Amino acid sequence: MEETYLKLAGNTARRDMVKDIEQMAHELESTPPHILDGVPETLAYLPSTPPDLLTKGEPAEQAAKVERSGLQPHFDAIEVVLEKDSGPTAG
């Protein structure tokens, strides 16, 4: 967010705005993600072989979200990718 603000504001960027953005980013990073009702129970109900989790985004940010969610024990593997697509298919 800070990088985008500085790029868009250019020479008009204000220090107080940068501080506000840093505070908002800190709050976002420390807020646990919202888990839909029933998700932990459903994951616990799955067969004895846990599923894999595939998520998209910036790796450190996504890993932190999964950790804050408390759901990581329900997955056998967690993979973070920059893009979700099917890629080339075998022909």
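Residues numbered from 1 in each chain as written. Predicted model: local features only at pLDDT ≥ 70, side-chain atom pairs only at ≥ 80, totals over all residues. Heavy atoms only, no water.

A.B. asks: I keep staring at the overall build of the protein chain and nothing clicks. Help me out?
C.D. replies: Counting its secondary structure elements, the protein chain contains 4 helices and 2 strands. Moving toward the C terminus, one meets the helices and strands of the protein chain in the order α-α-α-β-α-β. In terms of C-alpha radius of gyration, the protein chain reaches 18 Å, well past the compact-globule figure of 12 Å for 91 residues. Expressed as lengths along the three principal axes of its C-alpha atoms, the size of the protein chain is roughly 55 × 40 × 20 Å. When each of the 91 residues of the protein chain is scored for burial, the buried share is 14%. (Helix = DSSP H or I, 4+ residues; strand = E, 2+ residues; numbered from the N terminus. Rg over C-alpha atoms; globule rule 2.2 N^0.38 Å. Buried < 20%, exposed > 50% of the residue type's maximum accessible area, 1.4 Å probe, protein only.)

A.B. asks: Help me understand the pairing of strand S1 (residues 52–56), please; the structure alone is not making it clear to me.
C.D. replies: Each regular strand shows side chains that alternate between the opposite faces of the sheet. In the sheet, S1 pairs with strand S2 (residues 77–81) via 5 bridges, with the strands oriented parallel. Paired with Asp52 across the two strands is Ala77, which belongs to S2. (Pairing = 2+ DSSP bridges.)

A.B. asks: Please explain the packing of helix H1 (residues 2–9) against helix H2 (residues 15–30) as it appears in this structure.
C.D. replies: The relative placement of two packed helices comes down to the angle between their axes together with the axis-to-axis distance. Axis separation between H1 and H2 bottoms out at 9 Å; the angle between their running directions is 155°. Our classification of the angle between H1 and H2 gives roughly antiparallel. Crossing hand, H1 versus H2: right-handed. Note on element contacts: H2 touches H1 through Met17, Val18, Ile21 and Glu22, opposite Glu2, Tyr5 and Leu6. (Axes fitted to C-alpha atoms, helices over the stretch in contact; angles between N-to-C directions. Parallel < 35°, antiparallel > 145°, perpendicular 65-115°, else oblique. Left-handed = near helix turned anticlockwise from the far one by under 90°. Contact = heavy atoms within 4.5 Å.)

Fair warning: the whole summary comes from geometry, so function is off the table for now.
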